[in-house]
Amino acid sequence: MKFSQRMGINPVPEALKPDAMPDALRNSLWNVFLDWSQHKIEDQLLASIWRNYWKQPIDTLRPDSGYGGRSFYGAWRQVRDHFFGVKWFGVYDFLEFVIGLRQFSGMELGRGVNWILERELAAYRVIDGQFAQITSKQEVDALEEVLNEKGRFAPVSDHLVTALTHLSNRQNPDYRNSIKESISAVESMAKIVSGKDKAELGDALAALEKQGKLHGALRKSYTALYGYASDADGIRHALMDDQNLTAEDAKYFLLACTAFVNYLKTLV
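**Section: the overall build of the protein chain**
And step 1. Scanning the protein chain from N- to C-terminus turns up 13 helices and two strands.
And step 2. With 268 residues in all, the protein chain has 47% of them scored as buried.
And step 3. In the protein chain, the share of contacts with a sequence separation of at least 24, taken over all contacts with a separation of at least 6, comes to 67%.
And step 4. Carbon and sulfur atoms make up 49% of the accessible area of the protein chain, which totals about 14100 Å².

**Brief notes about the packing of aromatic side chains**
And step 1. In the structure shown here, the tally under the stated rule is 17 aromatic pairs.
And step 2. Between Trp30 and Phe33 the ring centres are 5.4 Å apart and the planes differ by 45°, which places this aromatic pair in the tilted class. With Trp30 and Phe33 both in helix H2 (residues 23–37), this residue pair falls three residues apart, about one helical turn. Note on accessibility: Trp30 and Phe33 belong to one class, buried.
And step 3. Taken together, Trp30, Phe33, Trp36, Tyr53, Trp76, Phe83, Phe84, Phe94 and Phe97 form an aromatic cluster joined through their ring pairs.

**Here we look at the packing of helix H7 (residues 137–147) against helix H13 (residues 247–265)**
And step 1. Look at H7 against H13: their axes get within 9 Å of each other, and the N-to-C directions meet at 65°. Crossing of H7 against H13: the hand is left-handed. In this structure, H7 uses Glu139, Ala142, Leu143, Glu145 and Val146 to contact H13, whose residues at the interface are Leu254, Leu255, Thr258, Val261, Asn262 and Lys265.
And step 2. Residues belonging to the contact of H7 with H13 are distributed by class as follows: six nonpolar, two polar and three charged.

**A closer look at the pairing of strand E1 (residues 124–127)**
And step 1. Examined bridge by bridge, E1 and strand E2 (residues 130–133) share four bridges and lie antiparallel to one another. Of the residues in E2, the one forming a bridge with Tyr124 is Gln133.

**A look at unusual backbone geometry**
Peptide bonds are trans in most cases, and residues, glycine excluded, mostly fall at negative phi.
And step 1. Of note in the backbone geometry, Leu121 takes a positive phi value of approximately 60° without being a glycine.
And step 2. Here Leu121 is to be found in the loop between helix H6 (106–119) and E1.
And step 3. The buried category is assigned to Leu121, whose relative accessible area is 5%.

**Let's talk about the confidence of the model for the protein chain**
And step 1. Confidence along the protein chain averages 85 in pLDDT terms, with 88% of residues attaining 70 or more.
And step 2. Segment residues 228–233: pLDDT under 50, and 14 contacts once partners within four positions in sequence are set aside and those in other chains are kept.

**Quick word on the environment of Val98**
And step 1. When you line up the elements, Val98 lands in helix H5 (residues 88–99).
And step 2. Accessibility expressed as a relative area gives 0% for Val98, which makes it buried.
And step 3. For the pair Val98 and Phe33, spaced 65 residues apart in the sequence, the C-alpha separation amounts to 9.1 Å.
And step 4. What Val98 contacts, discounting residues up to four positions off in sequence, is Phe33, Trp36, Gly106 and Leu109.

**Side note on helix H3 (residues 42–53)**
And step 1. For H3, built from twelve residues, the straight-helix expectation of 16 Å at 1.5 Å per residue is met to within 8% by its first-to-last C-alpha distance of 15 Å.
And step 2. Of the surrounding elements, those touching the buried residues of H3 are H2, helix H4 (73–85) and H5.
And step 3. Following H3 by one or two positions, Lys55 has its phi on the positive side, about 55°.

**Some points on the environment of Gly106**
And step 1. The residue Gly106 is located in helix H6 in this model.
And step 2. Between the C-alpha atom of Gly106 and that of Glu96, which follows or precedes it by ten residues, the distance is 9.0 Å.
And step 3. Look past the residues within four positions of Gly106 in its chain and what remains in contact with it is Trp36, Val98, Ile99 and Leu101.

**Here we look at the nonpolar core**
And step 1. With 40 residues, the main nonpolar core has Leu205 and Leu264 as its most contacted residues.
And step 2. Here this core gets nine residues from one element, more than from any other, and that element is H13.
And step 3. Other than its neighbours up to four places away in sequence, Leu205 contacts Ala190, Leu214, Arg219, Tyr222, Thr223 and Phe260.
And step 4. In terms of nonpolar packing, the next biggest core, distinct from the first, is built from 39 residues, Trp76, Leu109, Ala123 and Val126 among them.

**Some points on the pattern of salt bridges**
And step 1. Using the criterion set out here, one finds nine salt bridges in the structure.
And step 2. Here Arg125 makes a salt bridge to Glu248, at a shortest N to O gap of 2.4 Å. One end of the pair, Arg125, is in strand E1; the other, Glu248, is in helix H13, and 123 residues separate them in sequence.
And step 3. One salt bridge connects Glu145 with Lys265, and the closest N-O pair in it is separated by 3.1 Å. Here the residue Glu145 occupies a position in helix H7, and Lys265 occupies one in helix H13, the gap between them amounting to 120 residues.
And step 4. In this structure, a network of salt bridges that share partners links the residues Glu14, Lys17 and Glu144.

Calculation notes
Residues numbered from 1 in each chain as written. Predicted model: local features only at pLDDT ≥ 70, side-chain atom pairs only at ≥ 80, totals over all residues. Heavy atoms only, no water. Helix = DSSP H or I, 4+ residues; strand = E, 2+ residues; numbered from the N terminus. Buried < 20%, exposed > 50% of the residue type's maximum accessible area, 1.4 Å probe, protein only. Contact = heavy atoms within 4.5 Å. Areas by Shrake-Rupley, 256 points an atom, 1.4 Å probe, with all protein chains shown as cover. Phe/Tyr/Trp six-rings, centres within 6.5 Å; stacked < 30°, edge-to-face > 60°. Axes fitted to C-alpha atoms, helices over the stretch in contact; angles between N-to-C directions. Left-handed = near helix turned anticlockwise from the far one by under 90°. Nonpolar A, V, L, I, M, F, W, Y, C, P; charged D, E, K, R; others polar. Pairing = 2+ DSSP bridges. pLDDT = per-residue confidence, 0-100. Expected span 1.5 Å × (residues − 1). Core = buried A, V, L, I, M, F, W, Y, C linked by side-chain atoms within 4.5 Å. Salt bridge = Lys/Arg side-chain N within 4 Å of Asp/Glu carboxyl O.

Right, here's the structure in full:
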């Protein structure tokens, strides 16, 4: 774990924030677009961008000529300057337009873009040809709040920081242990709130219900989602054999567990 993450200094990946476009994400999206575009008929693709996206006079799309023959170097330079010059939402506007070009098999680009978005933990995914937000500002704010907890809630924060570290490791992401740490954060908070330091998650939730702090229906629903964490056949054991976990699985547990942790904190 990095020093800055252990100290709680901006541990949340910038790309996870809905209104952010860090360099690593923008560069990676450009690279996947460039790889895709190189297999297309460039004058036709550029003409579509000129006519239908920028809505510019088509006679401003002029090929370059030189010793190497006819090329569209200058036109591609304009596309590149636009891509790297617009605000974060302009990148998504442009890519969404290109993905929608059926005559150029734009959905192939969409699949590549989704791979980048998942790898970089971005707040959006391409769904049916359009970008859809899957992480809200409120979720990110709630996560940042918990990650910076000190004092009696520090153990909860430590689990979530570790979960986020496992999830955001680009070289060797560990989704299994990220999920386990997210669940451990809930268990840690449940112990604090219930006063049952030795209790496992299911027992701590049951204690909160008996204390009148947690409604029975909520206890049952949370137990159904998290209770198997302390079961011998539960996630902490079953995940050891599961090879199909994804970043989406780990991120869901991270955000869901964060929401539950914040709810439990209100019961103190």
